[in-house]
Every structure is written in structure tokens, then in C-alpha cells.
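An overview of the molecular structure
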Amino acid sequence: MKRIIMHWSAGQSTVSDLDREHYHFIVDGHGAVVPGRYNPEANEVIRGGAYAAHTLGCNTGSIGVAVAAMAGAIERPFSAGRCPITGPQLEAFTSLIADLAHTYGIAVTRKTILSHAEVQPTLGIHQRGKWDIAWLPGMKAPADPVIVGDRLRAEIAAKLAKIPRKRLFG
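Attention in this report is confined to the structure presented alongside it. (Residues numbered from 1 in each chain as written. Predicted model: local features only at pLDDT ≥ 70, side-chain atom pairs only at ≥ 80, totals over all residues. Heavy atoms only, no water.)

**Some points on the overall build of the protein**
Tallying secondary structure elements over the protein gives four helices and five strands in all. When the helices and strands of the protein are read in sequence order from the N terminus, they spell out β-α-β-β-β-α-β-α-α. A compact globule built from 170 residues should have a C-alpha radius of gyration of about 15 Å, and the protein, at 15 Å, falls within 12% of that. Principal axes of the C-alpha set define a box for the protein whose edges measure 55 × 40 × 30 Å. Counting every position in the protein, which comprises 170 residues, the buried fraction comes to 46%. For the protein, the accessible area works out to roughly 8500 Å², and carbon and sulfur atoms hold 55% of it. (Helix = DSSP H or I, 4+ residues; strand = E, 2+ residues; numbered from the N terminus. Rg over C-alpha atoms; globule rule 2.2 N^0.38 Å. Buried < 20%, exposed > 50% of the residue type's maximum accessible area, 1.4 Å probe, protein only. Areas by Shrake-Rupley, 256 points an atom, 1.4 Å probe, with all protein chains shown as cover.)

**Concerning the packing of helix H2 (residues 87-104) against helix H4 (residues 145-161)**
Where H2 contacts H4, the two axes come as close as 8 Å, and the packing angle between them is 60°. Between H2 and H4, the interaxial angle falls into the category oblique. Classified by chirality, the crossing of H4 by H2 is right-handed. Each of Leu-90, Glu-91, Thr-94, Ser-95, Ile-97, Ala-98, Ala-101 and His-102 in H2 lies in contact with H4, whose residues at this interface are Leu-152, Glu-155, Ile-156, Lys-159 and Leu-160. Here the contact of H2 with H4 is composed, by residue class, of seven nonpolar, three polar and three charged. (Axes fitted to C-alpha atoms, helices over the stretch in contact; angles between N-to-C directions. Parallel < 35°, antiparallel > 145°, perpendicular 65-115°, else oblique. Left-handed = near helix turned anticlockwise from the far one by under 90°. Contact = heavy atoms within 4.5 Å. Nonpolar A, V, L, I, M, F, W, Y, C, P; charged D, E, K, R; others polar.)

In C-alpha cells:
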């Protein structure tokens, strides 16, 4: 696997069957991690319909991780909707992504760990106006998704740095 793409489900704070179909892992509103229908390796090489289809034109080699949140959210004028992202959810989300980055040897960069909203400006793959994740708890309104992504990547990198590395010798 070569990248992790961060999403919000645009649904309730509970994980739905549709969420499980589209993402490899989903974090519910309480911070519990729920596995999706497909393991990340299903997206290593896309064949047929047996994979997590989370990002238009960018599923191959990508792990899709979502927070179950943002039902009814509106970008302008901003409303976080009925189920905004929660603090415990964000904590579990960034910890999960740090663990996945460690497990799969994925570096924390703008091109390898990014939000759905960053795919178009960063990788040049059109995404039909996606704005997840351009808002986090504590923000008054959405911001530039790359700046929000940098904040998430900083949290992920800090957690990744605390994961013990395997020793090659002795």
C-alpha cells in the first residue's frame, strides 16, 4: 500500500453498512474503530468490484479511513450538521492512521497521507467538489484542506514517532 486517504462518511456517528463497504476502517463517534468489509490489501491491485471504493480514480494502493460523521454538513454557509466530528473520534482516527502508516511503511507526507479534499489539489485527480476533511473540532468554519491536512499529519507524525521500531539486529 502506498497511501492513506482520510475521509468523513457524511453520515451519522454510527457506522453503517454503506460505510463498511467503502472504507477499510471507520471510527465511530465514540472513538471505536470498526473494520470495513475489505482489508487494505483488496485495494493493492483493483480487480472487479471486490475492493473499497472510497476515492474516485485513486483507490489502487490506497487505504481508505473515515470518521463516521458530518451528516447534514454544509460547506457554505458552514454547518457541521447533526453529527460533527468528536474529540475522541479524532484522537482514535489519528492513532489508527499512525498505526497503519507504521504497519505498511507509509511515510507521513502530503502525497502519502492526505484527506479526500486534498486529492485534487495535491495529486491532480478530479474529485467532484469533495471537502472532507476541511473542518475539525474547534474550527469556526472549513479552511484550506491542505492546511487542515498538515494539522492532521502533524498529529499522526507525533503518534508515529512514539511507536517502537523493530530492531534489525540483536
